[in-house]
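Chain residues, written in single-letter form:
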Amino acid sequence: MACRVKVVGQVERVDGESLSYAEFVRRFMAPNRPVVLTGLTSSWRARKDWTLSGSGDRRRPDLGFFAQNFPSPLVQVADCSSRDLTDQKRLEMSMQEFIDHWVGGAHGASSDGDRDGSLLYLKDWHFVKEYPDYIAYTTPTFFVDDWLNMYLDSHPIHRDSDIANHKNEINCSDYRFVYMGAKGTWTPLHADVFRSYSWSANVCGRKQWFFLLPSQSHCIFDRNMRSSVYNLHDDVSEKQFPEFSKTEWLECIQEQNEIIFVPSGWYHQVHNLEDTISINHNWFNAYNLHWVWNLLYEDYKVAKEYIEDIRDICDDFEGLCQRNLAANTGMNFYDFFVFIVRFALANVIELYHLQQPEVATLSTETAHHLVYNLTSIRSVASKMTKTEAFTTENHLCSISEDNRSAFSNIKQILEEESFRRLSMTVSKAYDHIDSGQRSLKSSTSYLKGCSSVICLKSDCNVVDHITSLVDEVCGPEDLVRLIDRALSDG
Ligand SMILES: O=C(O)CCC(=O)C(=O)O
Ligand SMILES: [Fe+2]
């Protein structure tokens, strides 16, 4: 593809097998830099089952395998040749229809299934949710500290019934996807949902990526910061986007079996240079939580400004802003607050367990990790205290009873089955990261104290411990207080 934009560098490539977790954090996750990791997919079932041998050592998609084994009645497909505002036009069809179109297109045929010969790209297929018993891959350790998917495995993102409709339930059920597209399919310029990180693994095929440094993000917007460039290879109008000509890009050709780490807030555009299948997760954690909050806050201000002129005639202006925010951004302040309260509690529990005397070797890495998590949540909660949504009594009324009870009564949360599941998942994730770190160093024996929220051990007082910190969380100030007390205890 002819490239008009100024490419100033390539994305670094690192052998994932000899990179430690701590190094990944230090070099890429914390400084928010992209990287391509090699050598991490050799054991994946997807590699064997989903591909056929192509030319040389290249693999190609085994479409018949998908038609036979994953006959999804409804998948989301992007029509790469038609634009719908900032994205491509989306269609819904069965897996069989999608494959018929792909195969038809490859033979140059123009049947009904082929529609108009356009390039269709299967995107955002919730494969893990749809086929939970088929273990196509394992998430590499670098990407296990994934609060978004850990949370969604046990909790709904929205609790308000007017937001949580059926379509939303599927779209927000998790952020683990499979993408499949023929050569030529592509994804327009964008930054990821919630300004999360993503990782994307090529099961087969090859992708070309273009990345823009976050410090240059403003250059792809028009003067009003409303619309952004859709395709960086278009003849971008200098009049509409006066700063675009200043942009400088990092490029990357991602080969089969390679995984790319996409940092938060970096605009990127992606092209499939061959028939490609990829697995891709969106995720966030303590290192990019502030990106998520900042986006929510910016989108909230836009939502509010948009309806400012009806404020006086609105019974519940704040509630309406929050409903619009949930609809546009996928989450509102209350959803986010319920989420961080529960994550904070899970981390306090984990820290408490680590500090118990029967834990033979205190894992200092994990303890630091938990403290870092709590500090990051505290910093975001502290910013939330200053927002209108949480400041006045009047605005607190906008919180539905469902949302309020989901964050306020600590004792009740600790007893909930969904919260116990979250805590177990968090505990397992940090054990996994920790054991990976230890096996790279020496194999010191390690005995973990309690492994569940309400331990079977009669002397585990985790519930008393937590409820002694604060017994009720009415808003972000209480969460800040809870974290301060938990951290000063240790
Ligand atoms: O592979 C693609 O087409 C898009 C992937 C992407 O945007 C991502 O992983 O963040
Ligand atoms: Fe993306």
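Residues numbered from 1 in each chain as written. Chains lettered and ligands numbered in written order. Predicted model: local features only at pLDDT ≥ 70, side-chain atom pairs only at ≥ 80, totals over all residues.

As annotated in an unreviewed UniProt entry, the protein chain is JmjC domain-containing protein from Miscanthus lutarioriparius. Here is the UniProt Sequence similarities (unreviewed entry) comment for the protein chain, exactly as written: "Belongs to the JARID1 histone demethylase family." (UniProt positions renumbered as here; feature names shortened; annotations may be inferred.)

K.L.:
Got a minute to help me understand the nonpolar core in this structure?
P.N.:
If you look at the biggest cluster of nonpolar residues, it comprises 127 residues, and the most contacted ones within it are F98, F337, I340, V341, A344, I377 and L479. In terms of residues, this core owes the most to one element, helix α10 (residues 333-354), which gives 17 residues. Split by domain, this core shows at least three residues from each of two domains, domain 1 (6-166 + 173-283) and domain 2 (289-489). Dropping the residues within four chain positions of it, I377 is found in contact with L289, I340, F343, A344 and I483. (Core = buried A, V, L, I, M, F, W, Y, C linked by C-beta atoms within 7 Å. Buried ≥ 20, exposed ≤ 12 C-beta atoms within 10 Å, placed from the backbone. Helix = DSSP H or I, 4+ residues; strand = E, 2+ residues; numbered from the N terminus. Domains from an automatic or database assignment. Contact = placed C-beta atoms within 7 Å.)

K.L.:
In this structure, what is going on with the site of ligand 1? I would like to understand it.
P.N.:
Neighbouring ligand 1 are Y179, T187, D192, S198, S200, K207, V262, H268, V270, S278 and N280. Looking at the shell around ligand 1, its residues break down into three nonpolar, six polar and two charged. (Near = placed C-beta within 6 Å. Nonpolar A, V, L, I, M, F, W, Y, C, P; charged D, E, K, R; others polar.)

K.L.:
So what exactly am I meant to see when it comes to the sheet that holds strand β3 (residues 35-38) here?
P.N.:
For sheets, the rule is that strands pair by backbone hydrogen bonds, running either parallel or antiparallel. Reading across from one edge, β2-β3-β14-β11-β16-β9-β8-β6-β7 is the order of the nine strands in this open sheet, with mixed pairing throughout. Unpaired on one side and paired on the other, β2 (13-15) and β7 (87-93) mark the two borders of the sheet. For this sheet, the mean angle separating the axes of adjacent strands, direction not counted, is 25°. (Pairing = 2+ DSSP bridges. Axes fitted to C-alpha atoms, helices over the stretch in contact; angles between N-to-C directions.)

K.L.:
Teacher, can you tell me more about the confidence of the model for the protein chain here?
P.N.:
Keep in mind that low pLDDT regions are not for reading the predicted coordinates in detail. Chain-level statistics for the protein chain give a pLDDT mean of 90 and a share of 88% at 70 or above. Low confidence marks residues 443-447, where pLDDT is under 50. Its contacts with residues over four positions away, or in another chain, come to 12 contacts. (pLDDT = per-residue confidence, 0-100.)

K.L.:
What should I look at first to understand the packing of helix α11 (residues 364-384) against helix α18 (residues 476-489) in this one?
P.N.:
The axes of two packed helices give the description: the angle between them and the distance between them. Contact geometry for α11 and α18: axes closest at 8 Å, N-to-C directions at 155°. Classified by the angle between their axes, α11 and α18 sit roughly antiparallel to one another. In terms of crossing hand, the pair formed by α11 and α18 is left-handed. Side by side, α11 and α18 meet where V371, L374, I377, R378, A381, S382 and M384 of the first sit next to P476, L479, V480, I483, A486 and L487 of the second. For the contact of α11 with α18, the class distribution of residues is 11 nonpolar, one polar and one charged. (Parallel < 35°, antiparallel > 145°, perpendicular 65-115°, else oblique. Left-handed = near helix turned anticlockwise from the far one by under 90°.)

K.L.:
Can you help me understand unusual backbone geometry in this one?
P.N.:
One can expect most non-glycine residues to show negative phi and most peptide bonds to be in trans. You will see that L85, though not glycine, has its phi angle at about 55°, which is positive. Looking at the element boundaries, L85 is found in the loop between β6 (75-84) and β7. Judged by the 8 C-beta atoms lying within 10 Å of it, L85 is exposed. The backbone of N257 shows a phi angle near 70°, a positive value even though the residue is not glycine.

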